[in-house]
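# Remarks on the overall topology
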Amino acid sequence: RIRRCRARGGSGGVPAKAARGRPSPMSMASVARTPSPPFARHRRWLSRVSTKSGCSSRPRASAADLAPPADPCAFVLEAVARATATDHFVISAERVLALAAQRGLDPQNLLPEFVREAQKLAIPPTSKFHVGAAALGASGAVYLGVNVELPGLPLNASIHAEQFAVVTAMRAGERALKAIATTAAPCGHCRQFMNELRGAASMRVIIPDPGDTGTNARKRHLVLPLCDLLPHSFGPLDLTHDESLPLMLEERHNGLRFVPGGFGASSSDELDASAAELALTEANAAYAPYSASPAGLALVDDKGLMHAGRSAESAAYNPTMSPLHAALVAAVGGAGMGPDVNGGEWGRIESATLVEIKGAPVQYAGTVALILKTIAPRARLNVIACEKAEPGAS
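Below is a short write-up of the structure. These numbers were taken from a predicted model, which means no experiment stands behind them. (Residues numbered from 1 in each chain as written. Predicted model: local features only at pLDDT ≥ 70, side-chain atom pairs only at ≥ 80, totals over all residues. Heavy atoms only, no water.)

### What about the side chain of Glu-149?
Along the polypeptide, Glu-149 turns up in the loop between β4 (142-146) and α4 (161-171). One buried charge, Glu-149, has no salt-bridge partner; the nearest side chain with opposite charge is Lys-128, at 6.8 Å. Engagement of the side chain of Glu-149 in a polar contact is seen with the backbone nitrogen of Thr-126, the distance being 2.9 Å. Separated by 2.5 Å, the side chains of Glu-149 and Ser-127 make a polar contact. (Helix = DSSP H or I, 4+ residues; strand = E, 2+ residues; numbered from the N terminus. Buried < 20%, exposed > 50% of the residue type's maximum accessible area, 1.4 Å probe, protein only. Lys, Arg positive; Asp, Glu negative; His and termini not counted. Salt bridge = Lys/Arg side-chain N within 4 Å of Asp/Glu carboxyl O. Polar contact = N/O pair within 3.5 Å; in protein donor to acceptor, adjacent residues only side chain to side chain.)

Pasting the structure below:
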């Protein structure tokens, strides 16, 4: 059974771009509205699944009657395994649609199943609390995320699963997110970070129903608009006052170039030169509307692979992602730097190249050096200055 509500404030290496498709919206029968407890006004789905192992290739009920099974089916396991092993934590739109059709579900209803598998890959050496996230893009692709804690560093140096999923979408060229499912209700830090997205107020957040006392064969999830989780929010317009500016995930170019006479493509070290060019590309795509301090970073691992990241700011400041954190997301997703006895295979990082504006209000070099010294002490850090190009300059 599904209950619906009207969302307040809204209308109801570098991986290749995820393939794009447009899933058909799920049709639902109308439900009579009656007074209910606090959470009942939000849409719930109630799953009734067989306790037998495996899944039928044919749906046994309508989308409104089905929900994540107690044990993920083989095709969900395979989809997550493939995404996390070779596809940079991305499940393509075509694959998502195929899985949804096989189950007779709307793609959104698959998200909690992806979450339960993705969370097994979390890297939480401090808390031991595994969190997963799965975000559905407007393209139809799904972007997975896990929490990553960095051993020996303060807790606020961690990467949250929701941030991981958003950065994964950013790396894949996704421009908007329609829904996100998580292991538990997103913390305030993540709610604020997701508030940087266009249409954030109406983005659907799918979480386990805290009032569910059923067995594994009867699972309920709540589907809430983000505005219900972040009422009276503080967001981009409170600081920029400009609706025309691109928001997080939207295309932008910051017009940066290397400082003339500084490090560039002429470097004698071909790998360092490639890392510098990639870091500059990331800096040009960085989301830094509040400090005007865009920055990009490229990590090089022990196999010579590069993993890039860019700064992604939040109007609340603290949830901001540094370019190093974004690059670590890329390293986990692209090089399998998963959990080990030390919390993460960060020792595989051999160098980091940071490109940032000389004299900008925010400088990342000191923080990057501190983090690398702790998690990858043998890594070499190169810091390269860039500047705003003059109009018409190449």
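Now that the structure has been shown, we can carry on.
### So, the sheet that holds strand β9 (residues 295-301)
The strand order β8-β12-β11-β9-β10 describes an open sheet built from five strands, whose pairing is mixed. This sheet does not close on itself; its edge strands, each paired only once, are β8 (256-258) and β10 (306-310). The average angle at which neighbouring strand axes cross in this sheet is 25°, direction not considered. The sheet contact formed by β9 and β10 spans five bridges and is antiparallel. (Pairing = 2+ DSSP bridges. Axes fitted to C-alpha atoms, helices over the stretch in contact; angles between N-to-C directions.)

### What to know about the pattern of salt bridges
Note that side chains of opposite charge can pair when their charged atoms are close. This model, assessed by the stated rule, comprises twelve salt bridges. Here Asp-87 ties to Arg-82 by a salt bridge, and the two come within 3.3 Å at their closest N and O atoms. Judged by its relative accessible area of 28%, Asp-87 falls in the partly exposed class. Judged by its relative accessible area of 41%, Arg-82 is partly exposed. Look at the salt bridges and you will find they share partners, linking Asp-301, Asp-302, Glu-345 and Arg-348 into a network.

### Points about the environment of Arg-310
Assignment of secondary structure puts Arg-310 in strand β10. Apart from the residues lying within four places of it in its own chain, the contact partners of Arg-310 are Met-170, Glu-282, Ala-285, Ala-286, Ala-295, Gly-296, Met-321, Ser-322, Pro-323 and Ala-326. In terms of polar contacts, Arg-310 uses its side chain to reach the side chain of Glu-282, at 2.9 Å. (Contact = heavy atoms within 4.5 Å.)

### Focus: the packing of α4 against helix α9 (residues 323-335)
Remark: α4 packs on α9, axes separated minimally by 10 Å, with the N-to-C direction vectors making an angle of 80°. On the basis of the axis angle, α4 is roughly perpendicular to α9. Taken together, the residues of α9 that come into contact with α4 (itself represented by Phe-164, Val-167, Thr-168 and Arg-171) are Ala-326, Val-329, Ala-330 and Val-332. Broken down by class, the residue content of the contact of α4 with α9 amounts to six nonpolar, one polar and one charged. (Parallel < 35°, antiparallel > 145°, perpendicular 65-115°, else oblique. Nonpolar A, V, L, I, M, F, W, Y, C, P; charged D, E, K, R; others polar.)

### A few points about helix α10 (residues 365-375)
Along α10, the residues that are buried comprise Val-368, Ile-371, Leu-372 and Ile-375. Within α10, the buried residues cover an arc of 100° as seen down the axis, which keeps them to one side. Of the residues in α10, the exposed ones pointing more than 90 degrees away from the buried face are Gly-366, Leu-370 and Lys-373. Buried-residue contacts for α10 involve β9, α9, β11 (349-357) and β12 (380-388). (Arc of directions from axis to C-beta.)

### Some points on the side chain of Ser-314
Of note, Ser-314 is situated in the loop between β10 and α9. Note on Ser-314: relative accessible area 1%, which makes it buried.

### Regarding helix α3 (residues 111-118)
The buried fraction of α3 amounts to seven of the eight residues, a majority that puts the element mostly inside the structure. All buried positions along α3 are accounted for by Leu-111, Pro-112, Glu-113, Phe-114, Val-115, Glu-117 and Ala-118.

### Digging into unusual backbone geometry
In most cases, non-glycine residues show a negative phi, while peptide bonds are predominantly trans. The residue His-232 is not glycine, and still its phi comes out positive at about 50°. Overall, His-232 belongs to the exposed group, its relative accessible area being 84%. The phi dihedral of Tyr-317 is positive, around 70°, even though this residue is not glycine. Relative to the elements of secondary structure, Tyr-317 occurs in the loop between β10 and α9.

Shape descriptors only; they carry no functional weight alone.
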